[in-house]
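# Examination of the molecular architecture
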Amino acid sequence: MERHEIEAFLAVAEELHFRRATERLGASQGRVSQIIRALERRLGVTLFDRTSRRVALTPAGQRLHDGLAPAYRQIEETVAQAVAVGKGVTGTLRVGFSSQWASDMVLKTAEVFRRSYPGCVIEAQEVQLTDTFGPLRAGTLDLQLTEFPVDEPDLVAGPVIFSEPRALLVPEGHPFSRSGSVCMEDLARAPMIVMSGTGPRYWHENIYPRQTPQGRPITHSAAAAYWMEVPALVASGRGVSPAALRAAHYHARPGIAFVPIRDAPPLEYGLIWPRDRCTARVRAFIEILCRLAPRDP
């Protein structure tokens, strides 16, 4: 059997639907039907029972699928491994993320990456906002999806992958919680809970500004060592805190409310990696993540 015959047969056998099989193969339905008919003529057996309402494997077709599918998958995997070895995409790639929504993107990419490069292991871990660049610089991470901006001489700031509207975490019952939204000037009206840490000032002030656009001072009150402390501090009435609006889907809890900041610029998230360690593994992961990244409408 030729490769195109194997691929067409397996696609129809596994989808049991010619249209879905053609979408999977990226071929026309007429072409796939032609390949299957020619294969049946050459083998002298019927592989599929077809009606206007269903497609089913015949006993001969089922036997061919059961023997052919594992062998073909093994060939595909062996070829992928050989390509990965040739490109240097083997070993372990350690990828960091700074939020749960960034984690979703990293893990989705890792799933596709493993199929393309089965000889490479992906390890994903959360990066604390108190030490945003530390793991990359220490060599414990190779790549990271995190909040921008990043302007560090030893780190490459890659493309923006997605952006998120900003919100303000406020105590339940706070006057802000009864509003449909707040504005940046409102940040001067309540103490702000911030993250502690050693990151650059420009990075912290992008999330936790010290003054409003009109120059009114914003009071920084309690500082949290881990972000999961922030909702508890807000619920206890210690202050308010900025966040991505999407955090409401992950961290909603009694005692707090997420209020959109209507005039705030979005929080941007992008990839960063050490300038002197852009390996084949890193480049391959970046390529796949950018391909899977959501696109603005």
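Conventions used here
Residues numbered from 1 in each chain as written. Predicted model: local features only at pLDDT ≥ 70, side-chain atom pairs only at ≥ 80, totals over all residues. Heavy atoms only, no water. Salt bridge = Lys/Arg side-chain N within 4 Å of Asp/Glu carboxyl O. Helix = DSSP H or I, 4+ residues; strand = E, 2+ residues; numbered from the N terminus. Buried < 20%, exposed > 50% of the residue type's maximum accessible area, 1.4 Å probe, protein only. Phe/Tyr/Trp six-rings, centres within 6.5 Å; stacked < 30°, edge-to-face > 60°. Pairing = 2+ DSSP bridges. Axes fitted to C-alpha atoms, helices over the stretch in contact; angles between N-to-C directions. Core = buried A, V, L, I, M, F, W, Y, C linked by side-chain atoms within 4.5 Å. Contact = heavy atoms within 4.5 Å. Polar contact = N/O pair within 3.5 Å; in protein donor to acceptor, adjacent residues only side chain to side chain. Left-handed = near helix turned anticlockwise from the far one by under 90°. Nonpolar A, V, L, I, M, F, W, Y, C, P; charged D, E, K, R; others polar.

The next point concerns the pattern of salt bridges. For the structure shown, the criterion picks out 17 salt bridges. Among the salt bridges present, the one from R24 reaches E14, with a minimum N-O distance of 2.6 Å. Of this pair, R24 sits in helix α2 (residues 18-25) while E14 sits in helix α1 (residues 3-15), and the two are 10 residues apart along the sequence. Residue class for R24 comes out partly exposed when judged on its relative accessible area of 40%. Among the residues examined, E14 registers a relative accessible area of 32% and is labelled partly exposed. Across the pair R216 and E185 runs a salt bridge whose closest N-O atoms are separated by 3.9 Å. Linking R216 in the loop between α7 (201-207) and β9 (220-224) with E185 in the loop between β7 (166-171) and β8 (192-195), this pair joins segments that are 31 residues apart in sequence. Owing to a relative accessible area of 12%, E185 belongs among the buried residues under this scheme.

Tallied over the entire structure, the rule returns 5 aromatic pairs. For the ring pair W101 and Y250, a centre distance of 5.5 Å and an interplane angle of 50° mean the geometry is tilted. Here Y250 lies in helix α9 (residues 247-251) and W101 lies in helix α5 (residues 100-116), a separation of 149 residues in the sequence. With relative accessibility at 8%, the residue W101 sits in the buried group. You can call Y250 partly exposed: its relative accessible area is 33%.

Here we take up the sheet that holds strand β10 (residues 241-244). In space, the 3 strands of this open sheet follow the order β10-β7-β11, with antiparallel pairing throughout. Two strands lie at the open edges of the sheet, namely β10 and β11 (256-260), each paired on one side alone. Strand-to-strand twist in this sheet, taken as the mean axis angle between neighbours without regard to direction, amounts to 40°. With 4 bridges joining them, β7 and β10 adopt antiparallel strand pairing. Within β10, the position partnered with A167 by the bridge is A243.

The next point concerns the nonpolar core. In this structure, F113 and F285 are the most contacted members of the largest nonpolar core, which totals 72 residues. For F285, the contacting residues outside a window of four places in its chain are L93, V95, V106, T109, A110, F113, I122 and L143. Counting residues in each nonpolar core, the second largest holds 20 residues, with I6, A8, V12 and L47 among its members.

With that settled, the discussion passes to the side chain of E147. Here E147 lies in strand β5 (residues 143-147). Only 2.7 Å separates the side chain of E147 from the side chain of S98, close enough to count as a polar contact. Separated by 3.2 Å, the side chains of E147 and T146 make a polar contact.

The next thing to look at is the packing of α5 against helix α10 (residues 280-292). Contact pair α5 / α10: the axes reach a minimum separation of 9 Å and the direction vectors enclose 120°. Judged by the twist between their axes, the crossing of α5 over α10 is right-handed. Taken together, the residues of α10 that come into contact with α5 (itself represented by M105, V106, K108, T109, A110, V112, F113 and S116) are R281, A284, F285, I288, L289, R291 and L292. In the contact of α5 with α10, the residues fall into 10 nonpolar, 2 polar and 3 charged.

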